[in-house]
Amino acid sequence: MSKAPITVAVTGAAGQIGYSLLFRIASGALFGPDQPVNLRLIEIEPALGALSGVCMELDDCAFPLLNSITPTADLDEGFKGVNWGILVGSVPRKAGMERKDLLKINGGIFTNQGKAIEKNAASDVRVLVVGNPCNTNCLIAMNNAKGVPSDRWFAMTRLDENRAKSQLAAKAGVHNTSVSNLAIWGNHSATQYPDFYNAKIDGKPVTDVISDHDWLKGDFISTVQQRGAAIIKARGLSSAASAANAACDTVYSLTHPTAEGDWTSVAVCSDGSYGIEKGLMFSFPVRTDGSKWEIVQGVPVNEFSQAKIKATEDELREERAAVTELGLI
Ligand SMILES: NC(=O)c1ccc[n+]([C@@H]2O[C@H](COP(=O)([O-])OP(=O)(O)OC[C@H]3O[C@@H](n4cnc5c(N)ncnc54)[C@H](O)[C@@H]3O)[C@@H](O)[C@H]2O)c1
Ligand SMILES: O=C(O)C[C@H](O)C(=O)O
């Protein structure tokens, strides 16, 4: 191991997503095949027993890139010197719930974690929030860690991007790698807008390749918006392996240059781009050179898209008002 290890904290490490995610991180899926990692695995006390089993399994993989494993319920220990924090730990929704129903249940977790990150993490820390409702949980953590610059905070909409690409590819009868420029706008919720107008299939506009525009404007959008609920209904549990995969994709995409002309989707702190209220954690088309990211400017937004983007922005404002009222920010 020649490079200095990157230290990654994962909360909710003994949960469903953790069980997929940790093994991917340890095998090099985030930072590449020559980058060692330290894992800080954060759980609540009652889950430490289960976490010890996960640690045994990590040991039993003998991963060449895994430098150290620290299981803990102590936030100061867990976030000490951390370069990346992946905040998964929180309660998932059950059938019949919307993700925002989790605000009261999960919101409080992210105040303490934000404070602990500000106090303990490395000066280059970056944080990806996965636990739902992820946009607003990220807003809570960020607002409780004012010393960490706002461009370090991300909430995950990559699962939605991947779902949307897969749906478009299936409809067009192509492989999902043919689909590019798929922006998810707004909230990781049933109001998100998967923007097919600007997406491309083999470099051509999706609307030229897929002639069924009613499907694009109707079933395509609702399938992506409702995919999480469909999985809960089918599995009796919320998505886990695909969520862990999307977390790996997100960190990889934020730490490696974006392909020429393409973008990826992730919720970031709005700077007012596209008229979105500053300070909301809003999913935009984003590109990066591997270290500094930017919101892609000048993506055309027609009347149809504008209405969808407004609806998801309104929902995020409502969620922010709710957590403000709860005293979480
Ligand atoms: N953003 C997305 O695309 C996306 C996708 C799938 C799931 N999720 C969300 O991810 C979260 C986790 O899902 P899961 O299936 O792994 O749930 P899970 O119930 O299997 O695991 C959650 C784990 O978090 C732990 N936990 C609870 N409170 C904690 C705290 N304060 N600190 C540290 N750990 C804590 C629990 O002990 C548990 O082990 C849920 O909120 C779910 O809705 C988000
Ligand atoms: O839908 C959920 O509650 C879990 C997750 O956010 C998902 O999109 O699969």
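As the structure is a prediction and not an experimental result, all values here were calculated from the model.

Bringing the UniProt feature "domain: Lactate/malate dehydrogenase N-terminal" (unreviewed entry) in the chain into the picture now. In the UniProt entry, the feature "domain: Lactate/malate dehydrogenase N-terminal" (unreviewed entry) is given for residues 8-147. Strand forms 18% of residues 8-147 and helix 41%; the C-alpha atoms that close the span are 19 Å apart.

With that settled, consider the site of ligand 2. Every residue lining ligand 2 is accounted for by Arg93, Arg99, Asn132, Leu159, Arg163, His188, Gly228, Ile232, Ser238 and Ser239. In the model, an oxygen atom of ligand 2 is placed 2.8 Å from a nitrogen or oxygen of the asparagine 132 side chain. The contact in question runs from an oxygen atom of ligand 2 to an N or O atom on the side chain of serine 239, over 2.7 Å. The protein chains hide 95% of the 260 Å² of surface that ligand 2 would expose on its own.

For helix α1 (residues 16-26), the full list of buried residues reads Ile17, Gly18, Leu21, Leu22, Phe23, Ile25 and Ala26. Residues of α1 that are buried sit in contact with β1 (6-11), β2 (37-42), α2 (48-61), β3 (66-72), β4 (84-87) and α9 (241-255). Directly beyond the C-terminal end of α1, a positive phi value near 105° is found at glycine 28.

Rules used throughout
Residues numbered from 1 in each chain as written. Chains lettered and ligands numbered in written order. Predicted model: local features only at pLDDT ≥ 70, side-chain atom pairs only at ≥ 80, totals over all residues. Heavy atoms only, no water. UniProt positions renumbered as here; feature names shortened; annotations may be inferred. Helix = DSSP H or I, 4+ residues; strand = E, 2+ residues; numbered from the N terminus. Near = heavy atom within 4 Å. Polar contact = N/O pair within 3.5 Å; in protein donor to acceptor, adjacent residues only side chain to side chain. Areas by Shrake-Rupley, 256 points an atom, 1.4 Å probe, with all protein chains shown as cover. Buried < 20%, exposed > 50% of the residue type's maximum accessible area, 1.4 Å probe, protein only. Contact = heavy atoms within 4.5 Å.

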